[in-house]
Amino acid sequence: MDILSDVLASVRTGRPSSATVSWHAPWGQRFPEVEGSAGFQIIVQGACWLIPGQGEPVALNVGDVVFFPHGHGYGLADSPTRALSEPRCDPTVDAGLFVKDFIGNSGQKTVTLCGGYRLDPGRAHPLLRDLPELIHLPARLGHHPRLRATIDLLTAEVDHPGVGADTVVLALLDTMLVYLLRAWFTGPAESGRGWSAALSDPAVSAALRAIHDEPGRPWTVQSLADHARLSRAAFAHRFATLVGRPPLTYLTWWRLSTAARLLRESDAPLGEIGARVGYTSEFAFANAFKREYGQPPGRYRRAETAGRVSPERH
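What counts as what
- Residues numbered from 1 in each chain as written.
- Predicted model: local features only at pLDDT ≥ 70, side-chain atom pairs only at ≥ 80, totals over all residues.
- Heavy atoms only, no water.
- Buried < 20%, exposed > 50% of the residue type's maximum accessible area, 1.4 Å probe, protein only.
- Helix = DSSP H or I, 4+ residues; strand = E, 2+ residues; numbered from the N terminus.
- Pairing = 2+ DSSP bridges.
- Core = buried A, V, L, I, M, F, W, Y, C linked by side-chain atoms within 4.5 Å.
- Contact = heavy atoms within 4.5 Å.
- Axes fitted to C-alpha atoms, helices over the stretch in contact; angles between N-to-C directions.
- 1 Å grid on protein atoms, 1.4 Å probe; cavity = no way out; pocket = protein on both sides within 12 Å on 5 of 7 lines; lining within 4 Å.
- Points joined across faces, edges and corners; volume = space filled by probe spheres on them.
- Nonpolar A, V, L, I, M, F, W, Y, C, P; charged D, E, K, R; others polar.
- Phe/Tyr/Trp six-rings, centres within 6.5 Å; stacked < 30°, edge-to-face > 60°.
- Lys NZ or Arg CZ within 6 Å of the ring centre and 35° of its normal.
- pLDDT = per-residue confidence, 0-100.

Q: Lay out the pairing of strand S3 (residues 37–45) with the relevant residues and their values.
A: When you tally the buried positions in S3, you get 7 out of 9 residues, the bulk of the element. In the sheet, S3 pairs with strand S6 (residues 65–68) via 4 bridges, with the strands oriented antiparallel. Residue pairing for S6: Gly 39 is matched across the bridge by Phe 68.

Right, here's the structure in full:
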């Protein structure tokens, strides 16, 4: 797996949702904060204003995409001074794939395609955690053609679902999330900073890919440096600077994140899972897992199965 796909697989839960909404002026709608989610709004027709939780209103036009990686609340309205109505539904309960709605009166029409993804807040990867509260991708000719093509397909499928539409829409929503994040990480605003720089740096990205491809391998700083084709000292400094953690600290964190996913998704014995992520004994694995998640792996698996797990954050 590439790093971004691997990260998304580790934090995604449940099914994404989507809807098209026709808004008719005058209108204003508040969208509440939803913990453990990431949401988007795409202007399909007309124009409107984004009312962020903090900062000035932002004018949105056809083709604009706004993405909320951390589920923060915001508002949309036909005017920057419009009063916002309270939410009409609970997005965590009423979400669907093919929702169409009409809101407002009989004035100027705006159509949005909105949706959201469920993420586990207790397993936030730093790649996603470090994203800003709001990502705005204005429509620009020739920019992000794959994202635009995915949006067109998604809009058409949500508006006019055909045979197999459920599978198609879910796949397109997953695809769009990757393209949204790719557009941000490769954009000029992030060039040379944080995880964008880590992913584009040949040495650091080579080490990250090695860790993600083989978390159970007995990596050392030297072996990762050899993989990155740098001296040990130069590699350790560059990795820590760009990733925000020393190489072996990130390795341990990713091993245990991978173990948690395997505990949730498989019935493999604890010793087998521990061995797959680099622990030579079940005892060593259990101790390391408990330090990270606040409970032994067996208890974590039982609680996760019952839907009651609340792992500690580190």
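Now that the structure is up, let's keep going.
Q: Outline the nonpolar core, supporting the account with residue identities and numerical values.
A: Proteins that are soluble and globular tend to have nonpolar side chains buried together. Of all hydrophobic cores here, the largest spans 55 residues; its most connected members are Met 176, Leu 181, Leu 208, Phe 239 and Tyr 250. Other than its neighbours up to four places away in sequence, Leu 181 contacts Leu 4, Leu 8, Phe 67, Leu 128 and Leu 131.

Q: Could you give me a rundown of helix H13 (residues 297–305), with the residues and numbers involved?
A: Among the residues of H13, Pro 297, Gly 298, Tyr 300, Arg 301 and Ala 303 are the ones counted as buried. Along its buried surface, H13 packs onto helix H10 (247–265), helix H11 (270–276) and helix H12 (282–293).

Q: Any chance you could break down the environment of Gly 244 for me, citing the residues and the numbers?
A: Looking at the element boundaries, Gly 244 is found in the loop between helix H9 (232–243) and H10. For Gly 244, a relative accessible area of 58% translates into the label exposed. Sequence spacing of Gly 244 and Trp 195 is 49 residues, and the spatial spacing of their C-alpha atoms is 8.7 Å.

Q: Kindly report on the sheet that holds strand S5 (residues 58–60), identifying the contributing residues and their values.
A: Sheet architecture is open: 4 strands sit in the order S2-S7-S4-S5, paired in antiparallel fashion. Across the chains shown, the open sheet's two edge strands, defined by having one partner strand only, are strand S2 (28–31) and S5. Pairwise comparison of adjacent strand axes, ignoring direction, gives a mean angle of 25° for this sheet. Here strand S4 (residues 48–52) pairs with S5 via 3 bridges, running antiparallel. If you follow Cys 48 over to S5, its bridge partner there is Leu 60.

Q: Any details on empty space enclosed by the protein? Residues and values, ideally.
A: Using a probe with the size of a water molecule, rolled over the atoms, empty space left in the structure can be pinpointed. Enumeration over the complete set of coordinates arrives at 2 cavities of 30 Å³ or more. Empty space within the largest cavity amounts to approximately 60 Å³. In this structure, the second largest cavity occupies an estimated 40 Å³ of space. Among the residues forming the lining of the second largest cavity, the class breakdown is 2 nonpolar, 2 polar and 1 charged.

Q: Please give an account of the packing of aromatic side chains that cites residues and values.
A: How two aromatic rings sit relative to each other is given by the distance of their centres and the angle of their planes. Tallied over the entire structure, the rule returns 15 aromatic pairs. Note on Trp 23 and Phe 31: the rings are 6.3 Å apart at their centroids and 70° apart in plane angle, and the pair reads as edge-to-face. Since its relative accessible area comes to 3%, Trp 23 is described here as buried. Judged by relative accessible area, which is 19%, Phe 31 ranks as buried. A centroid spacing of 3.9 Å and a plane angle of 5° characterise the contact between Phe 68 and Tyr 74, whose relative ring orientation is stacked. Grouping residues by exposure puts Phe 68 and Tyr 74 together as buried. One aromatic cluster is present, formed by Trp 195, Phe 235, Phe 239, Tyr 250, Trp 253 and Trp 254 through successive ring pairs. For the cation-ring pair, Arg 245 lies above Trp 253, with the distance from its terminal atom to the ring centre recorded as 4.7 Å.

Q: Can you explain the confidence of the model for the protein chain? Please cite residues and give values.
A: Close inspection of predicted coordinates is inappropriate for parts of the model with low pLDDT. Looking at the protein chain as a whole, the pLDDT averages 87, with 90% of positions reaching at least 70. With pLDDT under 50 throughout, residues 308–314 is counted as low confidence; its partners more than four residues away or in other chains account for 18 contacts.

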